[in-house]
Amino acid sequence: MNPLTDQLAALLSTVRTPGDFCTAGTRAMPLPGLVVAGVGPIALPVLQQQADQLIAIAERAPYGRGEETLIDTEVRRTWQIAPERVRIEGRHWAQGLEAIVETVRTGLGVTDTVVAELYKLLVYDQGSFFVSHRDTEKAPGMFATLVIALPSHHAGGELLVRHQGRELRLGLQCPDPGDAAFAAFYADCSHQVLPVTAGCRLVLVYNLLRKGAGKLPRPPSYQAETAGVVSRLQQWSDSKRVAGGAAQLAPDDSPDKLVYPLEHAYTPAELSFQALKGADAAVAAVLVDAAAQAGCDLRVALLTVEERGSAEQTGYSSSRRWGRDYHDDYDEDFEIGEVFDRSLMLSHWALPDGRAAGLGPIPFADSEICPADALQDMEPDEQHFQEATGNEGASFDRSYRRAALVLWPQHRRLAVLNQAGLAATLPWLDLLAGQWLEAGGQPGSALWLEAHELAGHMLKTWPKREGHFQALDDSAASQMLTLLARLQDAEHLETMVTQVMATGVHGKGDNAALLAALGLLPASRAGELLAAVVQANAALGLGACADLLRQAVLAGWAAEHLRAAASALVEALPGDPARPLPDYPYWQRPQALDAQAIADLMAALCPIDTGLADRAAAHLLAWPQTYGQDALLVPAMRQWAAIPVQPEIFKAASVQRLCTACCAHLQARLALALAPPADWRRANALPCRCQHCEGLARFLDSPDQRIWRFKAAELVRKHVLSSIRGAGSDVDSVTDKTGSPHALVCTKNQASYERRVLQRQRDLADLADLARLSA
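All values reported here derive from a predicted model rather than from experimental measurement.

The rules behind the values
As a convention, each chain's residues are numbered from 1 in the sequence order in which they are written. This being a predicted model, a pLDDT of at least 70 is required before a residue's local features are given, and a value of 80 or more before pairs of side-chain atoms are given or counted; all residues contribute to the totals for chains, interfaces and linings. Values shown for side chains rest on all heavy atoms present in the structure; no hydrogens or waters enter the calculation. Secondary structure elements follow DSSP: runs of H or I no shorter than four residues count as helices, runs of E no shorter than two count as strands, and numbering proceeds from the N terminus. A helix is expected to reach a length of 1.5 Å times the quantity of its residues less one. Categorising residues by exposure relies on relative accessible area from a 1.4 Å probe, with only protein chains included: less than 20% of the type maximum marks a residue as buried, more than 50% marks it as exposed, and the intermediate range marks it as partly exposed. The contact criterion used throughout is that any non-hydrogen atoms of two residues lie within 4.5 Å. Two strands qualify as a pair provided DSSP detects at least 2 bridges between them. Angles run from 0 to 180 degrees between N-to-C directions of axes, and those axes are lines fitted to C-alpha atoms, restricted for helices to the stretch in contact. Convention used here: angles under 35 degrees read as roughly parallel, angles over 145 as roughly antiparallel, angles from 65 to 115 as roughly perpendicular, and any remaining angle as oblique. Left-handed describes a crossing whose near helix is turned anticlockwise from the far helix through less than a right angle; right-handed describes the clockwise counterpart. Any residue that is not Ala, Val, Leu, Ile, Met, Phe, Trp, Tyr, Cys, Pro, Asp, Glu, Lys or Arg is counted as polar, Gly included; the first ten are nonpolar and the last four charged. Only the six-membered ring of Trp is used, alongside the rings of Phe and Tyr, when aromatic pairs are assigned; centres must lie within 6.5 Å, and planes under 30 degrees apart are stacked while those over 60 apart are edge-to-face, with the rest tilted. Whether a charge sits over a ring comes down to the Lys NZ or Arg CZ being within 6 Å of the ring centre and within 35 degrees of the ring normal. Throughout this description, a polar contact denotes any pair of N or O atoms lying within 3.5 Å of each other; where both atoms belong to protein, one of them has to be capable of donating a hydrogen while the other can accept it, and for residues adjacent in sequence the pair is counted only when both atoms sit in side chains. Salt bridges are identified by distance alone: a Lys or Arg side-chain nitrogen within 4 Å of an Asp or Glu carboxyl oxygen. Along the arc lie the directions from the helix axis toward the C-beta atoms.

S.K.: Quick one: what's the story with helix 10 (residues 476-487), residue by residue and with numbers?
M.R.: Taking 1.5 Å as the rise per residue, helix 10 with twelve residues should run 16 Å; its terminal C-alpha atoms sit 17 Å apart, in good agreement. Residues Ala-477, Ser-478, Met-480, Leu-481, Leu-483, Leu-484, Ala-485 and Leu-487 constitute the buried set of helix 10. On the buried face of helix 10, the contacting elements are helix 8 (422-438), helix 9 (446-460), helix 11 (490-499) and helix 12 (511-518).

What follows is the structure in structure tokens.
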């Protein structure tokens, strides 16, 4: 239990509500002249004969499910007549309707102007009903529904309205025909119409619309309550205050923000302080004043909880057996098991003055909910079950949505923004950096201090990356380094390097930004930090670290400041391939060596320290299985000519030693005889010696036979084809599908010889390049 959330909730619970979720009553008024196109004037109370006439020209009433409009008499069985076909006459009716609207406006606690717009005339004959549902927003500004029951003789058809665990049962029947019964309820209330057991029920349904922006609804007088809330918020704000990097008061463990769920439901489109209803409006009015006095920010937001987990299948509903569309009773076939994943998010922010708050999704924690049990026993807005498939058991996913008032101390707003993650904070920091530069770029100015504070929050919560060496140049780390360099924030720049880059999460795409940022520091300190980055990352990312040193050399860094990093890089060079690797996590494996890494390595080491370059060259030649001539060393030599460094690098003893070894390797291969095959005999290194492959072997060993036809079942043909490919035999194969069984037609080729010809051409070109490098 969090004392702060519970104490604030207790204070707000004393706020009296100016209205309720539903209001109902009766009003004496002359009978209206009801005229329906296609039937004519309707006598009231309605007679059965005219009820039948109304049904004859009416249509089945649909219901909404998400964005769909459906007709299903098991969900809704009633008849509707469109408003354009209905005319209500009589000079007293308009006055009576106006009085009813004013009554329900007060009963619902609405202070703005409210108008009623006729939506439909509904006819409920015997057996008609409507299962529990919520109304959707049918017109701009709609916030509630008004139902006026016209005089009729019927039994049943009660209206049930539910909200927040409360339920009202309204008969909407008048003993006196001169009375009209009415009920109004907010659109987010769950309501249903019980079956009509006799007669006919006739009702007019209106959309209640709020006109104009209106003022924020305010309670009659909450001075004492507001004072109590101000005092508690001020204590909270003071306990969280941190200035100049040192706490003026010892910070407590209370949350950075408070989330107060509201009673009513609101769509994202209508979510605003001006649209709050009843008790929500009263609490909001108190908090607007209290937050301003206590130095807190207040927002309204949409609270969303999403859960996923396991389910148990308990049955198989009849609706699914008979192939009907998805129905709610399908849920009854499952029971919720364990929740594996739970997400809590705030979005669709709005300010008290009606403007959008300019915030994206921000997560919240259970400890921030006020009161702590506010989300317990909520009914999900959506819930879906998935049957078990294969090795996967049955599962479920569901979501809950509520509006909420969200508070935080103004001096902690950047900490709250930081909870949205780097997707939100990096653009915000970029904006602050740009504004600071436009304002003159004065260190220590208000904009700089704000950017500095935000960067501090970001570094404290920088995500731990489950992987290494991203290829993108605009990684989050490089963006952060670039922004810190623009702000000339040396303190946080050092923190970024030591706590992020030097902890094994450096990538090749970060190199340019890292070097540019380190250039703001003293050269000796920059060298120390660079060495820390290489030491932490070289074992897993040799190529990234070699590129980092090469770029530092190109940027003109002094050798003395790069020597420690170069030494760490040489120490990290892999050696014996038979030596087992450390037990890295599955997502953290060393980068595969490539020729670019070897080229960068030597191009960086030669200008930094010839001794280290000699050690590296000796190491590369000592482990030919790790640093193959054809796979790494010769391709690396090819790239050196393109590396824009001083030509004297190629004169270094270490490079010449590698060039000499590569030349010897190429010359040895060039000395081998190269001639096309003298006959059709081909290398026979088949991995299988079954009777079918023995026939293939005899074909490969034959000096005269060029083509072999092998008729066999498909599985046998596939086996022989696999042996050909596994041995890399110089044989082309096709399937002749004439006749049965089909035949595998094998034709010998000169692929091995042609590969050697291409290799000879490549070797000659490489040898010429190496000769130029050694000249």
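S.K.: Describe the sheet that holds strand 3 (residues 40-42), listing the residues and the values that go with them.
M.R.: A sheet is described by the order of its strands in space; here three strands give the open sequence 3-2-9, paired in antiparallel fashion. Two strands in the sheet have a free side with no partner beyond their single neighbour: strand 3 and strand 9 (86-89). Direction aside, neighbouring strands of the sheet carry axes that sit 30° apart on average. Relative to strand 3, strand 2 (residues 33-36) runs antiparallel, the two being bridged by three bridges. Residue Val-36 lies in a different strand from strand 3, and its bridge partner there is Gly-40.

S.K.: Could you give an account of the packing of helix 16 (residues 595-608) against helix 18 (residues 629-640), naming the residues involved and the relevant values?
M.R.: Contact geometry for helix 16 and helix 18: axes closest at 8 Å, N-to-C directions at 60°. Classified by the angle between their axes, helix 16 and helix 18 sit oblique to one another. The two elements helix 16 and helix 18 cross, and the hand of that crossing is right-handed. The residues of helix 18 that touch helix 16, namely those facing Ala-595, Gln-596, Ile-598, Ala-599 and Met-602, are Leu-632, Leu-633, Pro-635, Ala-636, Gln-639 and Trp-640. Partitioned by chemical class, the residues of the contact of helix 16 with helix 18 number nine nonpolar, two polar and no charged.

S.K.: Summarise the pairing of strand 14 (residues 159-163); cite the residues concerned and give the values.
M.R.: Within strand 14, four of the five residues are buried, leaving the element largely enclosed by the surrounding structure. As judged from the four bridges shared by strand 14 and strand 17 (residues 190-193), these two strands associate in the antiparallel manner. Bridging from a neighbouring strand, Leu-160 pairs with Gln-192 of strand 17.

S.K.: Go over the packing of aromatic side chains, please, and point to the residues and values.
M.R.: Counted according to the given criterion, the structure contains four aromatic pairs. The rings of Phe-699, Trp-708 and Phe-710 are connected pair by pair, giving a single aromatic cluster. One residue, Arg-60, lies across the ring of Trp-79, its end atom 3.9 Å from the ring centre. Over the ring of Phe-699 we find Lys-748; its NZ or CZ atom is 4.5 Å from the centre of that ring.

S.K.: Account for the sheet that holds strand 4 (residues 59-60), with residues named and values stated.
M.R.: Two pairing modes exist for strands in a sheet, parallel and antiparallel, and in both the strands are linked by backbone hydrogen bonds. What the seven strands build is an open sheet, ordered 1-16-12-19-10-8-4; its pairing is antiparallel. Across the chains shown, the open sheet's two edge strands, defined by having one partner strand only, are strand 1 (22-28) and strand 4. Relative to strand 8 (residues 79-81), strand 4 is paired through two bridges, and the arrangement is antiparallel. By the bridge assignment for strand 8, Glu-59 is matched with Gln-80.

S.K.: Tell me about the environment of Gln-639, and name the residues and values.
M.R.: Its location among the elements puts Gln-639 in helix 18. As for Gln-639 and Ile-598, which are separated by 41 residues in sequence, their C-alpha atoms are 9.6 Å apart. When sequence neighbours within four positions are dropped, the list of residues in contact with Gln-639 reads Ala-595, Gln-596 and Ala-599. Within the structure, Gln-639 has its side chain in polar contact with the side chain of Gln-596 (distance 3.5 Å).

S.K.: Requested: an account of the packing of helix 12 against helix 13 (residues 523-537), with residues and values cited.
M.R.: Between two packed helices, the angle of one axis relative to the other and the distance separating the axes together describe the packing. Contact geometry of helix 12 with helix 13 gives a least axis separation of 10 Å together with a crossing angle of 155°. Taken together, the axes of helix 12 and helix 13 are roughly antiparallel relative to one another. By crossing handedness, the relation of helix 12 to helix 13 is classed as right-handed. The residues of helix 13 that touch helix 12, namely those facing Leu-514, Leu-515 and Leu-518, are Ala-526, Leu-529, Leu-530 and Val-533. Looking at the contact of helix 12 with helix 13 residue by residue, the class counts come to seven nonpolar, no polar and no charged.

S.K.: Could you give me a rundown of the pattern of salt bridges, with the residues and numbers involved?
M.R.: The tally for this structure, following the rule as stated, stands at 29 salt bridges. Between Arg-398 and Glu-307 there is a salt bridge, with the nearest N and O atoms lying 2.7 Å from each other. One end of the pair, Arg-398, is in strand 27 (residues 395-409); the other, Glu-307, is in strand 23 (residues 296-313), and 91 residues separate them in sequence. Ionic pairing is found between Asp-600 and Arg-550, a salt bridge with its closest N-O pair at 3.0 Å. Here Arg-550 lies in helix 14 (residues 542-554) and Asp-600 lies in helix 16, a separation of 50 residues in the sequence. The buried category is assigned to Arg-550, whose relative accessible area is 15%. The network of salt bridges with shared partners includes Glu-307, Arg-342, Asp-366 and Arg-398.

S.K.: Can you explain helix 11? Please cite residues and give values.
M.R.: Restricting attention to buried positions, one finds in helix 11 the residues His-492, Leu-493, Met-496 and Val-497. Projected down its long axis, helix 11 shows its buried positions confined to an angular sector of 140°, all on one face. Structurally, helix 11 contributes buried residues whose contacts are with helix 9, helix 10, helix 12 and helix 13.

S.K.: Go over the side chain of Ser-654 with me, naming the residues and quoting the values.
M.R.: Here Ser-654 lies in helix 19 (residues 653-670). Here Ser-654 is in contact with Met-602, Cys-606, Ala-613, Asp-614 and Ala-617, once residues within four sequence places are set aside.

S.K.: Hey, could you go over unusual backbone geometry for me, with residue numbers and the actual values?
M.R.: Along the chain, Cys-370 connects to Pro-371 via a cis peptide bond; the corresponding omega equals -5°. One can find Pro-371 in the loop between strand 25 (362-363) and strand 26 (382-386). Of note, the bond from Ser-740 into Pro-741 is cis; its omega dihedral lies within 30 degrees of zero at 0°. Locating Pro-741 in the fold gives a position in the loop between strand 29 (731-736) and strand 30 (743-748). The residue His-348 is not glycine, and still its phi comes out positive at about 55°. Looking at the secondary structure, you find His-348 in strand 24 (residues 334-350). Given the relative accessible area of 43%, His-348 is considered partly exposed.

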